[in-house]
Amino acid sequence: MADEKTIPAYDAEAIETKWQRIWESEDTFKARDDSARPKKYVLEMFPYPSGDLHMGHARNYTIGDAMARQARMRGFEVLHPMGFDAFGLPAENAAIKHGVPAGAWTYANMDTAIKTMKRMGFSYDYDRLVRTCDPEYYMWGQWAFLKMWEKGLAYRATSPVNWCPSCNTVLANEQVVDGRCWRCGSVPEKRELSQWYLKITDYAQELLDGIDALDGWPERVKAMQRNWIGRSEGAEIDFALADEDGVTPTDRLITVFTTRPDTIYGTTFFLLPPESALAAELVAGTPAESAYLELKRSVEQVSSVDRQGSGREKHGVFTGRYVINPLTGRPLPIWVADYILLDYGTGAVMGVPCGDQRDFEFARTFGLPIPPIIAQRDDPLYEQLKDVQDMVVAEVDWDHAMDAEGYLIQSGPFTGLLGGKHSPAVDAIIEYLSERGLGRKTVQFRLRDWLISRQRYWGNPIPMIHCDCCGDVPVPYDQLPVLLPEALDLGAGETLAEYAPFYETTCPACGRPARRITDTMDTFTCSSWYYLRYCDPRNDELPFSKDAADRWMPVDNYIGGIEHAILHLLYSRFWTKVMRDLGMIDCDEPFENLLCQGMVKDANGGTMSKSRGNVVPPSSVIEPYGADTMRLAILFIAPTEKDFNWDEEAVAGANRFIKRAWRTVWGLAGSADGARELDVPSLDAVSAELWRRLNELGLKCTADFDRGQFNTAISAVMELVNDASKYVQDVPAERRDGALCARVAHDIVAMLSPICPHWGEELFHEALGATASLYDEPWPAFDAEQAKSSMVEIVVQIKGKVRGRAMVAVDATDGELEEAAKAAVAAQLVGKDIKKIITVPGRLVNIVAV
RNA sequence: GCGGGCGUGGCGGAAUUGGUAGACGCGCUGGAUUUAGGUUCCAGUGGGCUAGCCCGUGAAGGUUCGAGUCCUUUCGCCCGCACCA
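About the thresholds
Residues numbered from 1 in each chain as written. Chains lettered and ligands numbered in written order. Predicted model: local features only at pLDDT ≥ 70, side-chain atom pairs only at ≥ 80, totals over all residues. Heavy atoms only, no water. Helix = DSSP H or I, 4+ residues; strand = E, 2+ residues; numbered from the N terminus. Contact = heavy atoms within 4.5 Å. Areas by Shrake-Rupley, 256 points an atom, 1.4 Å probe, with all protein chains shown as cover. Lys, Arg positive; Asp, Glu negative; His and termini not counted. Charge placed at Lys NZ, Arg CZ, Asp CG, Glu CD. Pairing = 2+ DSSP bridges. Near = heavy atom within 4 Å. Polar contact = N/O pair within 3.5 Å; in protein donor to acceptor, adjacent residues only side chain to side chain. Salt bridge = Lys/Arg side-chain N within 4 Å of Asp/Glu carboxyl O. Buried < 20%, exposed > 50% of the residue type's maximum accessible area, 1.4 Å probe, protein only. Axes fitted to C-alpha atoms, helices over the stretch in contact; angles between N-to-C directions. Parallel < 35°, antiparallel > 145°, perpendicular 65-115°, else oblique. Nonpolar A, V, L, I, M, F, W, Y, C, P; charged D, E, K, R; others polar.

(A) Up close: the overall build of chain A. The secondary structure content of chain A amounts to 27 helices and 35 strands. Counting only C-alpha atoms, chain A reaches 110 × 90 × 50 Å along its principal axes. The contacts in chain A between residues at least 6 apart in sequence include a share of 72% that link residues at least 24 apart. For chain A, the exposed surface amounts to about 36600 Å²; the carbon and sulfur share of it is 49%. Taking the 89 positively charged and 124 negatively charged side chains of chain A as two groups, their mean positions are separated by 3 Å.

What follows is the structure, given as structure tokens:
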């Protein structure tokens, strides 16, 4: 019998070290490919090894670990792997700064991080560890590139790209955030370069459609992806370039894209972007040329940051040339304007000042006419022009464009139709244009192809060879991997492009001397499929076997930061679909449920950063309190998806609870009677109530775990610990039910163990006498029937206001409920007329009386 | 401008389908233990007053026997995208 004096002290460090050693030596968390249990794949976004782990990692992995451990107890075969996104620029920078090879720096950091992961007690299957900078991993990225090359999904093209002058490399569109480099914050320059791309646009429609089925993803992430893909329905319309006389159409057509073909009768000018080759050609040698060149130059000087914002003043130059409006036959002056983008749509726009705010502002700036072609029913113009097909009113006096729905006026045969996005007028005009070969219905995406080449050393080499005779030739599969050389002297500024032992080779097609491509792939290519490699991490014939991937995929629970809402999560969806089309897997969405955990801020709500000096390192909590307290605090302070401010008091509170629960379990264990089965009918009233609470709170805790709502799961266990400790305190030892004590102790330990695993194992073995791991133990079963009490307190309302309470049998009939309720508030019903009585069994009775 | 989300005590936050608002914890107040501090334990803790009633989930309406929850309007905040035609 344990009393206060014999309960061992809670020594977190000793307990945690002990169990970490046992789990490791017993392979407790190995995922078995041949298990008959249903699978669950729990995954946290793998870290970049830039040093030790920080609080954000600790939170991310604690959430995943609690899920993984609970899933195991719930009978799943759990795959819970970890790895490192190990290529990237910080390693190169460190190499240059400290003179250490990038690889050595990276591997040392990974070792540090693994130590911390183990110290936190995360239940990873370390046998499946993946490091993206290992040749055994990255060669399969090269393999995938070659497969995509064969399918036409990888290609080389020359176009204006974002060049980061500080990182000395190009960036993908997705990596330019708010007009700045996602990593270093520099403003990228536009450069015309030959670069390598993956054709993610081939999957634009499928990537968009797939979002609808991602029920387990947060709305905001789905919204961001939809936004990024940016589908627009509209029409392409061909405008004939006019001869130099400005009125005679030539054979040369310039096509525009518009979502509002219904407004074509309101077009009064035609727009090209400053970078347009056509614009340069049109003005060459004309009086407009110098003004055009000046505009072009000024646009190049303005950064893309400053070019943003709809309030910006618009600049333009008239080229002196015209196109012909295909429906009205009227000539339209061609202007070059700085608000037109070269790489969206067709790079040419019809200017409709009446229906588009930007065009409106442009027209006002340059004195171009703004004829009304759309009006709402309550607009006087509507009455005046609803039947007028010809242009009668050539100018409006509005102060902004009318871009809402309205009825077409002065619009030829389409006058009177309802116009707007997806309107009858749009359909009618597209049909009219199509029949005459002047235009066609089309869909535009904002999504661009994924620019994957980087002019950096520490990355996965693109497995291509350039031969002067044969062009770009793929490295044969049997020559993979293209190894990244380790002998480069980064400190001296040497690059792959200058390192002859790497780039000198022969052409696989003709055998003549040729040069390897010295660009490496964007690190996001490495992180786009690591979750597939975990399924079969040591395969040396394929990136993964189909059997293994089909067994484990999709990832059931994916946990990580919101910062990857577009980049990583979109690329991974794309990669998965490519693998599916290669016949490598059956599934076509990699992540079933996505949880974006909130940030850990400092005590004042500020972002933790080294430069601010407000970083709370995980070790500062582990050392005084232990990993279990840290895990408990992280999960209890706030719901997983919300930001929280680091709170030293709350951590101390978590430690207080874990110690109290420790004492309570030992106290219960001291009264336990392992030999006897729990006999519920024989329990006395106090014991029966504890039994009922165990079932009630156990059910709540289980449901909260299933929803990933750890803060309330913990609060349910806290309530149970409160009740149990009161029981031990109030009931004399000889009157406690030993079997009940054993059961309650066991269930408290089991329910808290996904969160405080070392604490759980120690109590399970030392206080409760178990011999096998707690994680081979099934999650406790609770019974909804046993959670009910025989009597229940109901609320008695009069006209919806609480006026009294009554104890009734839980299975009381409506009539009994009414009688009990009336008795409880009899005094307040005197002289009143009861109109109606509503009864809600087990909850309340509402008496409507006046 | 477009899209997503959120407003509940001093604080973090609870509240399946509309059914006792504020679970659980932090903090605070009082008490016990203690030489003291800390620890632990007990009691209390939304606001108001005339002390058993009134008011209370950003605000105002509505539906309902009954609204934090549903509907309408409105205010405030956060996040993402944005000269995308």
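Past the structure itself, the notes keep going.
(B) Examining the pairing of strand 9 (residues 189-198) more closely. The pairing of strand 5 (residues 154-164) with strand 9 spans 10 bridges and is antiparallel. Bridge pairing links Trp163 to Glu189 in strand 9. Relative to strand 20 (residues 450-451), strand 9 runs antiparallel, the two sharing 2 bridges. Among the inter-strand pairings, Leu198 is bridged to a residue of strand 20, identified as Trp450.

(C) Inspection of the sheet that holds strand 17 (residues 406-408) at higher detail. Here we have 3 strands laid out as an open sheet, ordered 16-17-18, and antiparallel in their pairing. Two strands close off the open sheet at either side, each with one partner strand: strand 16 (374-375) and strand 18 (418-419). Relative to strand 18, strand 17 runs antiparallel, the two being bridged by 2 bridges. Within strand 18, the position partnered with Tyr407 by the bridge is Leu418.

(D) Region of interest: the protein's contact with RNA strand B. Near RNA strand B, the surroundings consist of 56 residues, among which Thr259, Arg358, Ile637, Arg805 and Asn846 are the closest. Expressed as a percentage, the sugar and phosphate content of the atoms of RNA strand B within 4 Å of the protein is 65%. Between RNA strand B and the protein, one listed contact pairs a phosphate oxygen with a side-chain N or O atom of Lys642 at 3.4 Å. The element that contributes the greatest number of residues to the surface near RNA strand B is helix 23 (residues 710-730), accounting for 7 residues.

(E) Structural view of the pattern of salt bridges. Counted according to the given criterion, the structure contains 49 salt bridges. For the salt bridge of Lys39 with Asp556, the shortest nitrogen-to-oxygen distance reads 2.8 Å. In this pair, Lys39 is assigned in strand 1 (residues 39-44) and Asp556 in strand 28 (residues 555-560), connecting sequence segments 517 residues apart. Assessed through its relative accessible area of 14%, Asp556 is described here as buried. Here Glu689 and Arg692 are joined by a salt bridge, their closest N and O atoms 3.0 Å apart. Remark: Arg692 and Glu689 occur in helix 22 (residues 685-706); sequence separation between them is 3 residues, near one turn of the helix. On the basis of relative accessible area, Glu689 is assigned to the partly exposed category, the value being 35%. Among the ionic contacts, a cluster of salt bridges with common partners joins Glu206, Arg573, Lys577, Arg580, Asp581, Asp588 and Glu589.

(F) View of the sheet that holds strand 26 (residues 513-516). Here 4 strands make up an open sheet; going across it, the order is 24-23-26-25 and the pairing antiparallel. Two strands in the sheet have a free side with no partner beyond their single neighbour: strand 24 (471-474) and strand 25 (504-506). Strand-to-strand twist in this sheet, taken as the mean axis angle between neighbours without regard to direction, amounts to 45°. In this structure, strand 25 lies alongside strand 26, joined through 3 bridges in antiparallel fashion. Each bridged residue has a counterpart across the sheet, and for Thr506 the counterpart in strand 26 is Pro513.

(G) Molecular detail of the packing of helix 1 (residues 12-26) against helix 25 (residues 757-767). One can describe the packing of helix 1 onto helix 25 by two numbers: an axis separation of 9 Å at closest approach and a directional angle of 85°. Classified by the interaxial angle, the pair formed by helix 1 and helix 25 is roughly perpendicular. Residue-level inspection shows Ile15, Glu16, Lys18, Trp19, Gln20 and Trp23 of helix 1 in contact with helix 25, the latter providing Pro757, His758, Trp759, Glu761, Glu762, His765 and Glu766. Looking at side-chain class alone, the contact of helix 1 with helix 25 contains 5 nonpolar, 3 polar and 5 charged residues.

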